[in-house]
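Structural description and commentary
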Amino acid sequence: MRLWNRKRLTALCLVFALLAVFLPVRTGGVQAEEISERISESEWKKLPTGSAGVLEGRSVLISIFINDKGSKWTKKAKKEANRKVRTAAAYIRKQARKYGKTVSLVADTEKYKDISYSFRVNNKVSDSIRSQDKLYQKVMKFVKKNIDINGLRSQYKTDSIGFLFHLNKSGTSSTLVHYAEEGTEFFYESATLFSKYGKQAEGASTYAHEILHLFGARDLYERSLIDGITASLVRHIEKKFPKEIMYSTYDRKGRMLKYKITNDISRITAYFLGWKASVPEVKKYALPKLKEKGCFYEWTSF
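As the structure is a prediction and not an experimental result, all values here were calculated from the model.

Turning next to the environment of K157. Relative to the helices and strands, K157 resides in the loop between α5 (149-155) and β5 (161-170). Overall, the relative accessible area of 35% leaves K157 in the partly exposed class. Separated by 98 residues in sequence, K157 and S59 place their C-alpha atoms 8.9 Å apart.

In this section: the side chain of R58. Note on placement: R58 falls in strand β2 (residues 57-67). According to the relative accessible area criterion, R58 is buried, its value standing at 7%. At 2.5 Å, the side chain of R58 forms a polar contact with the backbone oxygen of Y156.

L55, I92, L212, F215 and W275 are the most contacted members of the largest nonpolar core, which has 47 residues in total. Broken down by secondary-structure element, the contributors of at least two residues to this core are β2, α3 (75-98), β3 (103-106), β7 (190-197), α6 (204-214), α7 (231-240) and α8 (267-273). Examining the composition of this core, we find that 8 residues originate from one element, α3, more than from any other. Setting aside chain neighbours within four positions, we find W275 in contact with L55, E56, I92, Q95, A96, Y99, K101, V103, I265 and A270.

For the rest of this paragraph, the subject is the environment of E281. Inspection of the secondary structure assignment puts E281 in helix α9 (residues 281-284). Along the primary structure E281 and L233 are separated by 48 residues, whereas in three dimensions their C-alpha atoms are 8.0 Å apart. If we ignore the near neighbours within four places in the chain, the residues touching E281 are L233, H236, F241, R267, I268, A286 and L287.

This brings us to the pattern of salt bridges. Inspection of every chain in the model, using the stated rule, returns 10 salt bridges. K79 serves as the salt-bridge partner of E110, at 3.8 Å between the closest nitrogen and oxygen. On the criterion of sequence distance, the pair formed by E110 in the loop between β3 and β4 (116-120) and K79 in helix α3 is long-range, its members being 31 residues apart. Under the relative-accessibility criterion, E110 is labelled partly exposed at 34%. With a shortest N-O distance of 2.7 Å, R153 and D159 are connected by a salt bridge. Neither R153 nor D159 differs from the other in exposure class; each is buried. Salt bridges sharing partners connect three or more residues here, namely E56, K101 and K293.

A few words on the packing of α3 against α6. Between α3 and α6, whose axes approach to 8 Å, the crossing angle comes to 60°. One way to sum up the angle between α3 and α6 is to call them oblique. Like other packed secondary-structure pairs, α3 and α6 cross with a definite hand, here right-handed. Touching A81, K84, V85, T87, A88, Y91 and I92 of α3 are A204, Y207, A208, I211 and L212, all from α6.

Quick look at the packing of aromatic side chains now. Under the counting rule described, the total for this entry stands at 12 aromatic pairs. A ring pair is formed by W44 and F187, whose centres lie 4.8 Å apart and whose planes are at 80°; its orientation type is edge-to-face. Pair noted here: W44 is in helix α2 (residues 41-44) and F187 is in the loop between β6 (174-176) and β7, with a separation of 143 residues, a long-range link. Judged by relative accessible area, which is 0%, W44 ranks as buried. Judged by relative accessible area, which is 4%, F187 ranks as buried. Connected via pairs of aromatic rings, a cluster forms that spans W44, F163, F187 and Y188. The ring of Y259 carries the charged tip of R83 above its face, separated from the ring centre by 3.8 Å. The ring centre of W44 lies 4.5 Å from the NZ or CZ of R153, which sits over that ring.

The rules behind each value
- Residues numbered from 1 in each chain as written.
- Predicted model: local features only at pLDDT ≥ 70, side-chain atom pairs only at ≥ 80, totals over all residues.
- Heavy atoms only, no water.
- Helix = DSSP H or I, 4+ residues; strand = E, 2+ residues; numbered from the N terminus.
- Buried < 20%, exposed > 50% of the residue type's maximum accessible area, 1.4 Å probe, protein only.
- Polar contact = N/O pair within 3.5 Å; in protein donor to acceptor, adjacent residues only side chain to side chain.
- Core = buried A, V, L, I, M, F, W, Y, C linked by side-chain atoms within 4.5 Å.
- Contact = heavy atoms within 4.5 Å.
- Salt bridge = Lys/Arg side-chain N within 4 Å of Asp/Glu carboxyl O.
- Axes fitted to C-alpha atoms, helices over the stretch in contact; angles between N-to-C directions.
- Parallel < 35°, antiparallel > 145°, perpendicular 65-115°, else oblique.
- Left-handed = near helix turned anticlockwise from the far one by under 90°.
- Phe/Tyr/Trp six-rings, centres within 6.5 Å; stacked < 30°, edge-to-face > 60°.
- Lys NZ or Arg CZ within 6 Å of the ring centre and 35° of its normal.

What follows is the structure in structure tokens.
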């Protein structure tokens, strides 16, 4: 449940340096509206939204099951992970309808064999930013060599492609998104999904939370200078929208449900996804004004 990019890693390094100086931390069918023509690969990779694009119409989520030193995937574990993905996709599709949007996620790895891959690394992967950054670099080399992305874009008639990195171990799930300032670098967007959080099985709501990040949703449980999320907005969400999925992935009783999602997508996340043109919070809480639907910008650079 963490949103990050390389700007965050740089910022953290700077903070620690300063402290050291001054002090002695598918599912859904593919019947959705189709785009009749694909843009060229070069044009596609210049999109400020990154590879996942906007959460409207059809999107493809490619699952990569990663075996590392100390963990591996079994058929049963893969089925459980895929069930969580299907639950998350169905949830997102249903929530989209509340805002008059049609969304179709091609994500079911049992139904669509061409979106499921296995990959092995020789090291032990953790949920640290540095470990995730190294994993991303390794997986992207694998993707470029083994996955025909343009073929998938053509086959499923979409310019929206995201990646799900599955790890069969405990950790904090996170998402690496593309910021417009990065240009053509780090274009492919990915969410790392751990099967467990602590000793508890991870829930489908966390999967939905991370998938929504791919399409522009911000974390709403803590302030973020980079993303324009203020402390006053977080307090507002806590009071007004306590079931917001980008605020909490737990149900009202504080439970993490494995295959059920009881949270909502509030108007604030709908705004960041591009499902609503504006919301009252834009003015009241100085919410960032979007340049593009479903796009991340570094608001501190304004």
